Amino acid sequence: MRRHGGLLDGAVVDGVLFRDRFSLVEGRADLDPHLAAVHQFMPGMTLTRRGAVRHCQGTVLADWVAAGPGRSPPYYRRLPP
């Protein structure tokens, strides 16, 4: 599944790891459908780095802010029951 037309190819390595309190995505092959689901279930949401990128014991760390339409963080959308 390649929904982002190869945009991830130049942006991330094959072994990219994205982890937050809601998800654990390992590898570019998992990241692409994860991003597609974000666009489907949270339209208009943006994910923006906040602050400096840090390096600790071989891992690059970055803080992120999810913002909805109008850029008002945090972005939460309740799904119907």
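Structural data are supplied above this passage.
These numbers come from a predicted model, not from an experiment.

Turning our attention to the overall build of the chain. Within the chain, the regular secondary structure consists of one helix and four strands. Secondary structure elements of the chain occur, N-terminal to C-terminal, as β-β-α-β-β. Sorting the 81 residues of the chain into buried and exposed places 22% on the buried side. A separation threshold of at least 6 residues defines the contact pool for the chain, and within that pool the share at least 24 residues apart is 29%.

Where strand E3 (residues 46-56) meets strand E4 (residues 59-67), eight bridges bridge the pair, whose relative direction is antiparallel. Within the sheet, the bridge partner assigned to His-55 lies in E4 and is Val-60. Where E3 folds back onto E4 in an antiparallel hairpin, the turn is made up of two residues, including Gln-57, whose phi is positive at roughly 50 degrees.

Once that is clear, we can look at the nonpolar core. Counting residues in each nonpolar core, the largest one holds six residues, listed as Leu-8, Val-12, Val-16, Phe-18, Val-25 and Leu-31. Ignoring sequence-local partners within four residues, the contact set of Val-25 consists of Val-16, Leu-17, Phe-18, Asp-30, Leu-31 and His-34.

Quick look at the environment of Trp-64 now. Relative to the helices and strands, Trp-64 is located in strand E4. Each C-alpha atom, one on Trp-64 and one on Asp-20, is 9.4 Å from the other, the two residues being 44 residues apart in sequence. When near neighbours in sequence (up to four residues on either side) are disregarded, Trp-64 contacts Leu-47, Thr-48, Arg-49 and Arg-50. A distance of 3.3 Å separates a polar atom in the side chain of Trp-64 from the backbone oxygen of Ala-62.

Before going further, it helps to examine helix H1 (residues 28-41). In a regular helix each residue adds 1.5 Å, so 14 residues correspond to 20 Å; H1 covers 20 Å between its end C-alpha atoms and thus fits that length. Residues of H1 that are buried make contact with strand E2 (24-26).

Conventions used here
- Each chain has its residues counted from 1, following the order in which its sequence is written.
- The predicted origin of the model limits local features to residues at a pLDDT of at least 70 and limits the giving and counting of side-chain atom pairs to 80 or more, whereas totals for whole chains, interfaces and linings rest on all residues.
- The basis for every side-chain value is the complete set of non-hydrogen atoms in the structure, without hydrogens or water.
- Elements are defined by DSSP. Helices are runs of H or I of four residues or more, strands are runs of E of two residues or more, and each kind is numbered from the N terminus.
- Relative accessibility thresholds used throughout: buried, under 20% of the residue-type maximum; exposed, over 50%; partly exposed, between the two (1.4 Å probe, protein chains only).
- In what follows, a contact means two residues having at least one pair of non-hydrogen atoms within 4.5 Å.
- Here the rule is simple: two strands pair whenever DSSP picks up at least two bridges between them.
- What we call a nonpolar core is a set of buried Ala, Val, Leu, Ile, Met, Phe, Trp, Tyr and Cys residues that are connected through their side-chain atoms within 4.5 Å.
- Contacts described as polar in this section are N or O atom pairs within 3.5 Å, which, within protein, must combine one atom able to donate a hydrogen with one able to accept it, while residues neighboring in sequence count only if both atoms come from side chains.
- Multiply 1.5 Å by the residue count of a helix minus one, and that product is the helix's expected span.

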